[in-house]
Amino acid sequence: MLTENALTGIIFHPDYLKHETGAHPENKERLLSIITHLRDSGRLTKLGLKEPGSATLDEIQYIHSNSQIEKARKYSELEMRLDPDTVLCKDSYNVALLAAGGAIMAVDAVGDNWDSAFALIRPPGHHATPTKSMGFCIFNNIAIAARHAQNMGKKRVLIVDWDVHHGNGTQDAFYDDPTVLYFSTHQYPHYPGTGWMDEVGTGDGEGFNINVPLPAGTDDSGFIAAFMEILVPAAREFNPDIVLISAGMDACYNDGLAQMRMSVEGFSVLASIVKSIATESCDGKVAAVLEGGYDLKLLSHSVAAVLDVFMGKEVEMENYEVSSPVRAQLDEIKKIQRRFWQSID
Ligand SMILES: [Zn+2]
């Protein structure tokens, strides 16, 4: 039995399994492993559950060009790849609409009766730019959800992207926009090649794009330091009306697509930091959207750890002493970001 009065819930649709990618790291086993773990660990009965509908074309157009949408539809029909990494089957286009619909529903759910939501969706989204689908991503789910939130009256949106890859698509979508603060930690250099610290936004959006590129091998302490020393003060000044998370779990120590050293407990700490930002600024309203994460066990356990924090688990923050290369990098980023955010020490 699902809890009717739960304040935290998941967004899921069984049709997410219909995006068939064959022997590809982004496959349906990812979502199956998460749902199985949530069920076997007894969490599923404590969570709310909502089944999304598809995003409308108008909603996809918040971010994407008509020609890009039409290309995705056509390539899906023909079962052609959108790029070497982005495999499509006949159902993929419709599943992509449903994934964007899931992210939108997460926003609606936290505006409604939940405090926090986790959209367990695929395909992921943060590499899809306003004109190009790429890197396993067809449509940019979180960017569409951010615009939807604004249409619902949430003027300032904070997007925290802790996926190990830089969310180039999300950055592009809001690069000149001061109403969306985009904060990303990612392995650098790494796919997709963007995300250096000097990409800070342009025009009115200057200062509203915070990249924290980190060297391969960075562990919990490096991520926690980036969150505590850069994200927290900037977010406090920005004072968002809703907080969204591009929650990829591929910075985990055993992930096949990256070389970072995050632990499952590390994701609990990051989630609790983001939750505390949301508590301070917007009644704790936070919606997470699944991005990457390719080690099935660590993926499912990390998602569960984030949900535990959403459900109120207190997390102890250990001393986060960081290695000297990471410290040097963070100091350089802080120097850049102090131009825009005065409360960064
Ligand atoms: Zn990723």
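Structure: see above.
Now for a look at the structure at hand. Here the structure is a predicted model, which is why all the values come from computation and not from measurement.

**Brief notes about helix 7 (residues 220-238)**
Inference 1: Relative to the 27 Å expected for 19 residues at 1.5 Å per residue, helix 7 spans 25 Å between its end C-alpha atoms, a close match to the ideal helical length.
Inference 2: At Leu231, helix 7 shows its maximal kink, close to 35 degrees; a proline, Pro233, follows between one and four residues later.
Inference 3: A positive backbone phi angle near 55 degrees is found at Asn239, which sits one or two residues after helix 7.

**Overview of the coordination of the zinc ion**
Inference 1: In this structure, Asp163 (OD), Asp163 (OD), His165 (ND1) and Asp250 (OD) serve as the protein donors to the zinc ion, at separations of 2.0 to 2.7 Å.
Inference 2: Each of the 4 donor atoms bound to the zinc ion contributes to angles spanning 53 to 154 degrees, and the resulting shape is irregular.
Inference 3: For the zinc ion, all donor residues lie on one chain, and their spacing in sequence is D-x1-H-x84-D.
Inference 4: Overall, His165 belongs to the buried group, its relative accessible area being 7%.

**Topic: the nonpolar core**
Inference 1: Ranked by size, the top nonpolar core spans 114 residues in total, and within it Phe118, Leu120, Phe139, Trp162 and Leu244 carry the most contacts.
Inference 2: Every residue in contact with Trp162, bar those within four places of it in the chain, is listed here: Thr185, Phe227, Ile245, Ser246, Ala247, Gly248, Met249, Phe267, Leu270, Ala271, Val274 and Val306.

**Quick notes on helix 3 (residues 66-78)**
Inference 1: Given a rise of 1.5 Å per residue, 13 residues ought to cover 18 Å, and the 18 Å separating the end C-alpha atoms of helix 3 matches this to within 8%.
Inference 2: Burial in helix 3 covers these residues: Gln68, Ile69, Ala72 and Ser76. Angular distribution of buried residues about the axis of helix 3 spans 100 degrees; they occupy a single face of the element. Residues Asn66, Ser67 and Leu78 are exposed on helix 3 and point more than 90 degrees away from its buried face.
Inference 3: Turning to helix 3, the residues buried within the fold contact helix 2 (57-60) and helix 4 (92-111).
Inference 4: The positive-phi residue at the C-terminal boundary of helix 3 is Glu79, with phi of around 55 degrees.

**A look at the pattern of salt bridges**
Inference 1: Per the stated rule, a full pass over the model turns up 16 salt bridges.
Inference 2: The closest approach of N and O atoms between Arg122 and Glu26, which form a salt bridge, is 2.8 Å. Here Arg122 is found in the loop between strand 3 (116-119) and helix 5 (141-151), whereas its partner Glu26 is found in the loop between strand 1 (8-11) and helix 1 (29-40), with 96 residues between them in sequence. Pair check on accessibility: Arg122 and Glu26 agree, each one buried.
Inference 3: Arg147 serves as the salt-bridge partner of Asp177, at 2.8 Å between the closest nitrogen and oxygen. In this pair, Asp177 is assigned in the loop between helix 6 (168-173) and strand 5 (180-187) and Arg147 in helix 5, connecting sequence segments 30 residues apart.
Inference 4: The class for Asp177 is buried, based on a relative accessible area of 9%.
Inference 5: Linked through salt bridges whose partners overlap, the residues forming this network are Glu229, Arg327, Asp331 and Lys334.

**Concerning the packing of helix 4 against helix 5**
Inference 1: Axis separation between helix 4 and helix 5 bottoms out at 8 Å; the angle between their running directions is 40 degrees. Taken together, the axes of helix 4 and helix 5 are oblique relative to one another. Helix 4 and helix 5 meet at a crossing whose hand is right-handed. On the side of helix 4, the interface is formed by Ala96, Ala99, Ala100, Ala103, Ile104, Val107 and Asp108, while helix 5 contributes Asn141, Ile144, Ala145, His148 and Ala149.
Inference 2: For the contact of helix 4 with helix 5, the residue count by class is 9 nonpolar, 2 polar and 1 charged.

**Regarding the sheet that holds strand 1**
Inference 1: On the basis of which strands lie adjacent, the open sheet formed by 8 strands has the order 2-1-3-8-7-4-5-6 and parallel pairing. The sheet is open, and its two borders are formed by strand 2 (48-50) and strand 6 (209-214), each paired with just one other strand. When strand polarity is set aside, the average angle formed by the axes of neighbouring strands in this sheet is 15 degrees.
Inference 2: Sheet topology places strand 4 (residues 157-161) next to strand 7 (residues 242-247); 5 bridges connect them, and they run parallel. Each residue of the ladder has a partner; that of Val160, found in strand 7, is Ile245.

**Here's the deal with the side chain of Arg30**
Inference 1: Mapping Arg30 onto the fold places it in helix 1.
Inference 2: Separated by 2.8 Å, the side chains of Arg30 and Glu26 make a polar contact.

**Some words on the environment of Lys132**
Inference 1: Tracing the backbone shows Lys132 in the loop between strand 3 and helix 5.
Inference 2: Under the relative-accessibility criterion, Lys132 is labelled partly exposed at 41%.
Inference 3: Linking Lys132 and Tyr75, residues 57 residues apart in sequence, is a C-alpha distance of 13 Å.
Inference 4: Excluding its chain neighbours within four sequence positions, the residues that come into contact with Lys132 are Gln68 and His127.

Reading the values: the criteria
Residues numbered from 1 in each chain as written. Predicted model: local features only at pLDDT ≥ 70, side-chain atom pairs only at ≥ 80, totals over all residues. Heavy atoms only, no water. Helix = DSSP H or I, 4+ residues; strand = E, 2+ residues; numbered from the N terminus. Expected span 1.5 Å × (residues − 1). Bend = angle between axes of the 7 residues up to and from the residue. Donors = N, O, S within 2.8 Å, 3.2 Å for Na, K, Ca; no water. Tetrahedral: all angles 85-135°; square planar, octahedral: opposite > 155°, others 65-115°. Buried < 20%, exposed > 50% of the residue type's maximum accessible area, 1.4 Å probe, protein only. Core = buried A, V, L, I, M, F, W, Y, C linked by side-chain atoms within 4.5 Å. Contact = heavy atoms within 4.5 Å. Arc of directions from axis to C-beta. Salt bridge = Lys/Arg side-chain N within 4 Å of Asp/Glu carboxyl O. Axes fitted to C-alpha atoms, helices over the stretch in contact; angles between N-to-C directions. Parallel < 35°, antiparallel > 145°, perpendicular 65-115°, else oblique. Left-handed = near helix turned anticlockwise from the far one by under 90°. Nonpolar A, V, L, I, M, F, W, Y, C, P; charged D, E, K, R; others polar. Pairing = 2+ DSSP bridges. Polar contact = N/O pair within 3.5 Å; in protein donor to acceptor, adjacent residues only side chain to side chain.

Remember that the coordinates give geometry; whether it matters functionally is a separate question.
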